[in-house]
Amino acid sequence: MKWYVIFIINSVLLGVGLAMDAFSVSMANGLNEPKMKRKKLSKIAGVFSGFQFAMPMIGWVCVHTIVQYFEAFEKFIPFIALILLTIIGGKMLIEGIGDKEDGSGKQRLNIGTLFIQGIATSIDALSVGFTIAGYEWITAFACCAIIAVVTFIICMAGLFIGKRFGTKLSNKAQLLGGVILIAIGLEIFISGSFS
């Protein structure tokens, strides 16, 4: 029973750590679209939590099957995250700079951009597959499910915070969202390159 409680606490803490990038991107999305409906909020949080579930499981599978190929790919993870988030953030900055003062030209988040954000913020979670490699399949699945639930809750909080401040910041929100995404990409790149 004690091992079970420790497992849950460790999985929750792992989920919190992994969800921080998704939280920041969720805030940027909320800033960008302050009138977003609850259904879309849930969809965004669901995509992020889905990727945070899938990536560690894929990493776990890689460790148990094709570990030598995954180790070669792992060094490129910070570069991929930096490129994806810089492209999305740069696009938001360009649109925000060219936006009318009333913010009427603001772009809504589409499914393609959301999936790219999901990949960019969860790609580092692939390496979590190494840390849970000693788990049985069902235990690894449970760990990833806990990570997904924690990510969903944290992303919903980020979206609500972003929406609240997005309304107050009006036409500056898209610029701020773009800067946040680029900063997250740089943080992932720097921490991944030097760790």
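Residues numbered from 1 in each chain as written. Predicted model: local features only at pLDDT ≥ 70, side-chain atom pairs only at ≥ 80, totals over all residues. Heavy atoms only, no water.

Caption draft 1: Structural view of the environment of alanine 145. Turning to its location among the elements, alanine 145 is positioned in helix H7 (residues 137–169). Owing to a relative accessible area of 27%, alanine 145 belongs among the partly exposed residues under this scheme. Considered as a pair, alanine 145 and glycine 15 are 130 residues apart in the sequence and their alpha carbons are 9.4 Å apart. (Helix = DSSP H or I, 4+ residues; strand = E, 2+ residues; numbered from the N terminus. Buried < 20%, exposed > 50% of the residue type's maximum accessible area, 1.4 Å probe, protein only.)

Caption draft 2: The arrangement of the nonpolar core in detail. Counting 44 residues, the largest nonpolar core has Ile44, Phe48, Leu85, Ile132 and Leu159 as the members making the most contacts within it. Elements with a minimum of two residues in this core: helix H1 (2–32), helix H2 (38–64), helix H4 (77–98), helix H5 (111–122), H7 and helix H8 (173–193). Looking at this core element by element, the count peaks at ten residues for H7. Those residues in contact with leucine 85 that sit more than four places away from it in its chain are Val25, Ala120, Leu181, Ile182, Ile184, Gly185 and Ile188. (Core = buried A, V, L, I, M, F, W, Y, C linked by side-chain atoms within 4.5 Å. Contact = heavy atoms within 4.5 Å.)

Caption draft 3: Geometry of the side chain of serine 122. Within the element layout of this structure, serine 122 appears in helix H5. Within the local environment of serine 122, its side chain forms a polar contact with the backbone oxygen of glycine 118, the two atoms lying 2.6 Å apart. The residues contacting serine 122, other than those within four sequence positions of it, are Phe51, Gln52 and Met55. (Polar contact = N/O pair within 3.5 Å; in protein donor to acceptor, adjacent residues only side chain to side chain.)

Caption draft 4: Here's a closer look at the packing of H2 against H5. In contact at an axis separation of 9 Å, H2 and H5 are set at 40° when each is read in the N-to-C sense. As summarised for this structure, H2 and H5 are arranged oblique, according to the angle between their axes. When you trace H2 past H5, the crossing you get is right-handed. When H2 is examined against H5, the residues Lys43, Ile44, Val47, Phe48, Phe51, Gln52 and Met55 are found in contact with a partner set consisting of Leu114, Phe115, Gln117, Gly118, Ile119, Thr121 and Ser122. When grouped by side-chain class, the residues that make up the contact of H2 with H5 number eight nonpolar, five polar and one charged. (Axes fitted to C-alpha atoms, helices over the stretch in contact; angles between N-to-C directions. Parallel < 35°, antiparallel > 145°, perpendicular 65-115°, else oblique. Left-handed = near helix turned anticlockwise from the far one by under 90°. Nonpolar A, V, L, I, M, F, W, Y, C, P; charged D, E, K, R; others polar.)

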